[in-house]
Amino acid sequence: MNKKKVITFLSLIVVTLSAIVGCSFFSPTTEQTNKPVASQESIQPTNSNQENAQLTVSAAVSLKDVLNELTPLYNQVKTNVSVRTNFANGGNIQQQVMNGAPVDVLIPGAAKQMDELQKRDLIITDTRRDLLSNRIVLIVPSDKGDVSDLKDLTKADFERIAIGDPRSVPAGQYAEQALKKLELLPDLQSKFVLGNNVRQVLQFVESGNAQAGFVFATDAKTSTKIKVVQVIDAKLHESIVYPIAVVRKSANQSIAKSYLDFLSTETAKTIFEKYGFSSL
């Protein structure tokens, strides 16, 4: 082989080796090519919270204080849920649901309103249960000392008696039933000052705008300006229950059910009892 051919041969070897080395630096290996790339979903925390949800609860006015204490405790369990509580009388709660208001959970102060909503298939029936019970009491201003019994209300110095409007306020309905059984309703009806809810009745008596009134025992417990004269015999009226249920049109049914479950825990029961309610 002459000198020219040798040089040409060696040049070809150098080019070939350079190509091989270049491939080893810039071409991915088989392992690298087949290695899966992490997707956006796979790198998210597996226990991340769902998008924040809002739960709307329509409840009897007499539940205001206790639910305001319980809501933060529920939020410790369900950190991604914002609870909005609307307090109203039982009749208004019924109308809210019947008119399609965005309510998830309802807790009226009587079975009557819940029964009507159930007849109309507006609640999820298998979520309904009786949550609490209460008592009706006769109250007077704390400085009034000339009354000890319902019959005393017939005296002339009792010109105004506060009572929740029986057409819509459960506490008023129970009080009216008791007075009717005792045959006192005809003598007292003209003295009635009607309240839109039980807390308004309490305010009438606190302010002296009424000389007596009928409220739930739990409402009476919130005030130092009145005193309880008599606890009304439970046999004189329908059983006082606070039913609870999930509204059928709720967009947050699973969360609503978790709220119901929370209100039946021992923690919730203890707080209900602190406010004077009896758990069922």
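Here, the structure is the one placed above.
Only a predicted model underlies this, so the values are computations on that prediction, with no experimental measurement involved.

S.K.: Is there a simple way to explain empty space enclosed by the protein in this structure?
M.R.: Over the atoms a probe the size of a water molecule is rolled, and this reveals where empty space is left. Per the stated rule, a full pass over the model turns up one cavity of 30 Å³ or more. Put simply, the largest cavity is a space of about 60 Å³. Taken together, A60, V61, S62, A88, N89, G90, V169, P170, A171, N197, V198 and F216 form the lining of the largest cavity. A breakdown of the residues in the lining of the largest cavity according to their chemical character gives eight nonpolar, four polar and no charged.

S.K.: Please explain helix 3 (residues 64-77) as it appears in this structure.
M.R.: Residues spaced three or four apart along an α-helix point in a common direction, a consequence of the helix completing one turn every 3.6 residues. When the terminal C-alpha atoms of helix 3 are compared, their 21 Å separation across 14 residues agrees well with the 20 Å that a helix rising 1.5 Å per residue should span. Along helix 3, the helix axis deviates most sharply at T71, where the bend reaches about 25°; the proline P72 sits within four residues downstream. Elements that come into contact with the buried residues of helix 3 comprise strand 1 (53-60), strand 2 (81-88), strand 3 (105-107), helix 10 (253-262) and helix 11 (266-274).

S.K.: What's the story with the sheet that holds strand 4 (residues 129-133) in this structure? I'm lost.
M.R.: Remark on secondary structure: sheet strands pair via backbone hydrogen bonds, oriented parallel or antiparallel. In space, the six strands of this open sheet follow the order 2-1-3-10-4-11, with mixed pairing throughout. Every interior strand has two partners, whereas the edge strands, strand 2 and strand 11 (278-279), have only one. Sheet topology note: the strand 4/strand 10 (residues 241-246) ladder contains four bridges and is antiparallel. By the bridge assignment, R129 is partnered in strand 10 with I244. Running over the sheet, helix 4 (residues 90-98) touches strand 1, strand 2 and strand 3 and is turned about 125° from strand 2.

S.K.: I keep staring at the side chain of R199 and nothing clicks. Help me out?
M.R.: Topologically, R199 is positioned in helix 8 (residues 198-207). Separated by 2.6 Å, the side chains of R199 and D219 make a polar contact. Beyond its immediate stretch of four places on either side in the chain, R199 contacts V61, S62, D65, D219 and T222.

S.K.: Is there a simple way to explain the pattern of salt bridges in this structure?
M.R.: Side chains that differ in sign of charge can pair as their charged atoms come close. Applying the stated criterion across every chain yields a total of 11 salt bridges. A salt bridge links R199 to D65, with the nearest nitrogen and oxygen atoms 2.8 Å apart. Here D65 lies in helix 3 and R199 lies in helix 8, a separation of 134 residues in the sequence. You can call D65 partly exposed: its relative accessible area is 25%. A salt bridge links E159 to R160, with the shortest nitrogen-to-oxygen separation between them at 3.8 Å. Given a relative accessible area of 53%, E159 falls into the exposed group. Look at the salt bridges and you will find they share partners, linking D65, R199 and D219 into a network.

S.K.: Would you explain the sheet that holds strand 7 (residues 192-195) in this entry?
M.R.: Strand order in the open sheet made by the five strands is 7-6-8-5-9, with mixed pairing throughout. The outermost strands of the open sheet, each flanked by one partner alone, are strand 7 and strand 9 (226-231). Pairwise comparison of adjacent strand axes, ignoring direction, gives a mean angle of 35° for this sheet. Pairing of strand 5 (residues 136-141) with strand 8 (residues 212-216), which is carried by four bridges, proceeds in the antiparallel orientation. By the bridge assignment for strand 8, I139 is matched with G213.

S.K.: Whenever I open this one, the packing of aromatic side chains confuses me. Can you help?
M.R.: The relative placement of two aromatic rings is captured by the distance of their centres and the angle of their planes. Going through the model one piece at a time under the given rule, you end up with six aromatic pairs. For the ring pair Y74 and Y259, a centre distance of 5.2 Å and an interplane angle of 85° mean the geometry is edge-to-face. In this pair, Y74 sits in helix 3 while Y259 sits in helix 10, placing the two residues 185 residues apart along the sequence. Y74 sits in the buried class, given a relative accessible area of 1%. Here F272 and F277 contribute two aromatic rings whose centre-to-centre distance is 6.2 Å and whose plane-to-plane angle is 80°, an arrangement assigned as edge-to-face. Assigned by exposure class, F272 and F277 land together as buried. One aromatic cluster in this structure is built from Y174, F216, Y242, F272 and F277. We note K144 situated over the ring of F158; from NZ or CZ to the ring centre the distance is 4.8 Å.

S.K.: When you look at the environment of D104 in this model, what are you seeing that I'm missing?
M.R.: With respect to the element layout, D104 can be found in the loop between helix 4 and strand 3. Given a relative accessible area of 4%, D104 falls into the buried group. Spatially, the C-alpha atom of D104 lies 7.2 Å from that of Q253, the residues being 149 residues apart in sequence. With sequence-adjacent residues up to four places away left out, D104 is seen in contact with Q54, L55, T56, A245, V246, V247, S250, A251, N252 and A256.

Conventions adopted
- Residues numbered from 1 in each chain as written.
- Predicted model: local features only at pLDDT ≥ 70, side-chain atom pairs only at ≥ 80, totals over all residues.
- Heavy atoms only, no water.
- 1 Å grid on protein atoms, 1.4 Å probe; cavity = no way out; pocket = protein on both sides within 12 Å on 5 of 7 lines; lining within 4 Å.
- Points joined across faces, edges and corners; volume = space filled by probe spheres on them.
- Nonpolar A, V, L, I, M, F, W, Y, C, P; charged D, E, K, R; others polar.
- Helix = DSSP H or I, 4+ residues; strand = E, 2+ residues; numbered from the N terminus.
- Expected span 1.5 Å × (residues − 1).
- Bend = angle between axes of the 7 residues up to and from the residue.
- Contact = heavy atoms within 4.5 Å.
- Pairing = 2+ DSSP bridges.
- Axes fitted to C-alpha atoms, helices over the stretch in contact; angles between N-to-C directions.
- Polar contact = N/O pair within 3.5 Å; in protein donor to acceptor, adjacent residues only side chain to side chain.
- Salt bridge = Lys/Arg side-chain N within 4 Å of Asp/Glu carboxyl O.
- Buried < 20%, exposed > 50% of the residue type's maximum accessible area, 1.4 Å probe, protein only.
- Phe/Tyr/Trp six-rings, centres within 6.5 Å; stacked < 30°, edge-to-face > 60°.
- Lys NZ or Arg CZ within 6 Å of the ring centre and 35° of its normal.

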